[in-house]
Amino acid sequence: MAETFSKLTLTLESGDVVITLRPDLAPEHVARIGGLANEGFYDGVVFHRVIPGFMAQGGDPTGTGMSGSDKPNLKQEFNAEPHVRGTCSMARTNDPNSANSQFFICFDDARFLDRQYTVWGQVESGMEHVDALPKGEPPRNPGKIIKATAE
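First, a word on what this report is: a plain description of the structure on this page. (Residues numbered from 1 in each chain as written. Predicted model: local features only at pLDDT ≥ 70, side-chain atom pairs only at ≥ 80, totals over all residues. Heavy atoms only, no water.)

**A short note on the overall build of the protein chain**
- The helix and strand inventory of the protein chain stands at 2 helices and 8 strands.
- Helices (α) and strands (β) of the protein chain occur, in sequence order from the N terminus, as β-β-α-β-β-β-β-β-α-β.
- Taken over C-alpha atoms, the radius of gyration comes to 14 Å for the protein chain, in line with the 15 Å a tight globule of 151 residues would show.
- Taking the principal axes of the C-alpha coordinates as reference, the protein chain spans close to 40 × 35 × 30 Å. (Helix = DSSP H or I, 4+ residues; strand = E, 2+ residues; numbered from the N terminus. Rg over C-alpha atoms; globule rule 2.2 N^0.38 Å.)

This is the structure in C-alpha cells:
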C-alpha cells in the first residue's frame, strides 16, 4: 500500500505554495511525490520549463528536463480531474507509463491535457508564487524549489 499524504508545501524564493494532494485520484503518484519531497529530492531543483499561459514544469534534478529520480517509472493513473489553473499533474514522455519525478503546475486552463496526464493535486494557496517564476524553456535564471515537504 502506498504511503498517503494530504498536503505538499513547495517553498520557492518568493514564498510558499501549498498543494492539496489527491490520493483519491492518483495514489501511487501522490506517494511518489510525497516520498521524494520528504527525502529532500526536490530541494534545490529548478523549474526548467515555464511557459506563460500554460504551465511551470520542474522535478528534474539535472534541470534539463531529461532526467528523473532513480525510482522506477509509474504506471499512469489518468483521471477525469480537469487541467485548470493551479492543477498539479505529472510530466511524462510519449509513453503514458513514463512519469517519474517531473511535474507541472497549470497557469491557465489546459483541458486538452485531460485524461492524458495524471492529475495528483491542486494549488490551495501561493499560486502568485508560481505566477512569479521566471519564464523560458529554460529560463535564463530559473526559479527553484528551496524546500519541499509533504504531510
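**Describing the packing of aromatic side chains**
- This model, assessed by the stated rule, comprises 6 aromatic pairs.
- Between Phe104 and Tyr117 the ring centres are 5.9 Å apart and the planes differ by 80°, which places this aromatic pair in the edge-to-face class. Here Tyr117 lies in the loop between β6 (103-106) and β7 (119-125) and Phe104 lies in strand β6, a separation of 13 residues in the sequence. Pair check on accessibility: Phe104 and Tyr117 agree, each one buried.
- Grouping aromatic residues by their ring pairs yields a cluster made of Phe41, Tyr42, Phe47, Phe103 and Trp120.
- Stacked on the ring of Tyr117, the Lys or Arg Arg92 has its end atom at 4.3 Å from the ring centre. (Phe/Tyr/Trp six-rings, centres within 6.5 Å; stacked < 30°, edge-to-face > 60°. Buried < 20%, exposed > 50% of the residue type's maximum accessible area, 1.4 Å probe, protein only. Lys NZ or Arg CZ within 6 Å of the ring centre and 35° of its normal.)

Shape is all these values report; function is a separate question.
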